[in-house]
Amino acid sequence: MALGEAQQKLKDYDRALLNYTQVIKMKPQSAAAYAKRSEVKLLKGAYASALEDVSHAIALEPQKAEYYNQRAMSHYQLMEYAEAEEDASHAVDMEPKTVLYYFNRGLIRQAQKLLDEAISDFSQVIQQDAQSGDAYFRRGQCYAIMAKSKSALSDYNKAQEL
C-alpha cells in the first residue's frame, strides 16, 4: 500500500493503480485499498470506475466519513448532484469539524444552484479557516449570481488578497 501511495504522490498514477489492484487481490477486504484506487481513478478522470471502488470501500467500512466525501466528489464529477449532496452531507454529519467536507458540499450545492445553502457551507469553511481564498472566491461567485454585487466584490477582493 505504501508503494502505491508513494507512486501517487509522484503522480505515477498508472503504477499506483497497479499497486492498489495488487493489494486488493491480496486483501480483498481492504477498504483503504479500494478507496486509494478510487482516489487515483478520480485524478485520472475515470469517475464511474472511481465511484464503483469507493462504494465498495463504504460497503466494507461504512463509518469512514472520508469515503463518503470521496464518493460525493465522484458523483459530482458525473453530475449526479442529488447523490453527491447526500454523500457530502453524510460526511459533514459524521465529521462536522472537517472543513473540506463543507467546501465540497458547497461546490455541489453551487452546481445545483442552491446558492443560499452553498453560501452557508462556504461561510462555514471561512469560519473554520479564515485563510481559505477558495471559499471566499466560491462564495463571491454565489453572491454575484444572486446579484449581491457588494458582497461578491468583498469576497473576490478577500480571495485575491489571500
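Report follows, based on the coordinates. Please read these numbers as outputs of a predicted model, since none were measured by experiment.

## A closer look at the overall build of the chain
Then, in step 1: Per the secondary structure count, the chain includes 10 helices and zero strands.
Then, in step 2: For the chain, the spread of C-alpha atoms along the principal axes amounts to about 55 × 30 × 25 Å.
Then, in step 3: When burial is assessed residue by residue, the chain has 45% of its 162 residues classed as buried.
Then, in step 4: By sequence separation, contacts in the chain at least 24 residues apart represent 45% of the contacts at least 6 residues apart.
Then, in step 5: Accessible area of the chain: about 8,800 Å², with a carbon and sulfur share of 50%.

## Let's talk about the pattern of salt bridges
Then, in step 1: A complete count under the given rule lists 12 salt bridges for this structure.
Then, in step 2: Measuring nitrogen to oxygen at the nearest pair gives 2.5 Å for the salt bridge that ties Asp155 to Arg139. Taken together, the positions of Asp155 in helix 10 (residues 149-161) and Arg139 in helix 9 (residues 133-145) put the pair 16 residues apart, joining distant regions of the chain.
Then, in step 3: Using a relative accessible area of 14% as the deciding quantity, one classes Arg139 as buried.
Then, in step 4: Here Lys158 ties to Glu161 by a salt bridge, and the two come within 3.3 Å at their closest N and O atoms. Of this pair, Lys158 and Glu161 both sit in helix 10, three residues apart, roughly one helical turn.
Then, in step 5: Take Glu161: its relative accessible area is 60%, and that puts it in the exposed class.
Then, in step 6: Each of Glu85, Arg105, Arg109 and Asp121 takes part in salt bridges that share partners, so that together they form one network.

## Quick word on helix 8 (residues 115-128)
Then, in step 1: Counted at 1.5 Å a residue, the expected span for helix 8 with its 14 residues is 20 Å, and the 20 Å between its end C-alpha atoms agrees.
Then, in step 2: Among the residues of helix 8, those classed as buried are Leu115, Ala118, Ile119, Asp121, Phe122, Val125 and Ile126. Down the axis of helix 8, the buried set is contained in an arc of 165 degrees. They therefore lie on one face. In helix 8, those exposed residues whose orientation departs by more than 90 degrees from the buried face are Asp116 and Gln127.
Then, in step 3: In this structure, the buried residues of helix 8 make contact with helix 7 (99-111) and helix 9.

## Focus: the nonpolar core
Then, in step 1: Within the largest apolar cluster, 36 residues are counted, with the highest numbers of intra-cluster contacts made by Tyr67 and Ile108.
Then, in step 2: The contacts of Tyr67, once residues within four sequence positions are left out, are Ala31, Ala32, Ala35, Val54, Ala57, Ile58 and Glu61.
Then, in step 3: Formed by five residues, the second largest nonpolar core is a distinct cluster that contains Tyr13, Ala16, Tyr20 and Val40.

## Observations concerning the layout of surface pockets
Then, in step 1: By volume, the largest pocket amounts to about 350 Å³.
Then, in step 2: Lining the largest pocket are 16 residues; nearest its centre among them are Glu39, Leu42, Glu66, Asn69 and Gln70.
Then, in step 3: Where the lining of the largest pocket is concerned, the elements lending two or more residues are helix 3 (31-44), helix 5 (65-77) and helix 7.
Then, in step 4: Here the lining of the largest pocket is built from residues that sort into nine nonpolar, three polar and four charged.

## A few points about the environment of Gln110
Then, in step 1: As for its placement among the helices and strands, Gln110 is situated in helix 7.
Then, in step 2: Classification of Gln110 by relative accessible area gives buried; the value is 8%.
Then, in step 3: As a C-alpha pair, Gln110 and Arg139 span 29 residues in sequence and 9.0 Å in three-dimensional space.
Then, in step 4: Not counting residues up to four positions away in its chain, the partners in contact with Gln110 are Leu115, Ala118, Phe122, Arg138, Gln141 and Cys142.

## Digging into unusual backbone geometry
Then, in step 1: At Lys113, a residue that is not glycine, the phi angle is positive and equals roughly 65 degrees.
Then, in step 2: Structurally, Lys113 is set in the loop between helix 7 and helix 8.
Then, in step 3: Accessibility expressed as a relative area gives 58% for Lys113, which makes it exposed.

Thresholds applied
- Residues numbered from 1 in each chain as written.
- Predicted model: local features only at pLDDT ≥ 70, side-chain atom pairs only at ≥ 80, totals over all residues.
- Heavy atoms only, no water.
- Helix = DSSP H or I, 4+ residues; strand = E, 2+ residues; numbered from the N terminus.
- Buried < 20%, exposed > 50% of the residue type's maximum accessible area, 1.4 Å probe, protein only.
- Contact = heavy atoms within 4.5 Å.
- Areas by Shrake-Rupley, 256 points an atom, 1.4 Å probe, with all protein chains shown as cover.
- Salt bridge = Lys/Arg side-chain N within 4 Å of Asp/Glu carboxyl O.
- Expected span 1.5 Å × (residues − 1).
- Arc of directions from axis to C-beta.
- Core = buried A, V, L, I, M, F, W, Y, C linked by side-chain atoms within 4.5 Å.
- 1 Å grid on protein atoms, 1.4 Å probe; cavity = no way out; pocket = protein on both sides within 12 Å on 5 of 7 lines; lining within 4 Å.
- Points joined across faces, edges and corners; volume = space filled by probe spheres on them.
- Nonpolar A, V, L, I, M, F, W, Y, C, P; charged D, E, K, R; others polar.

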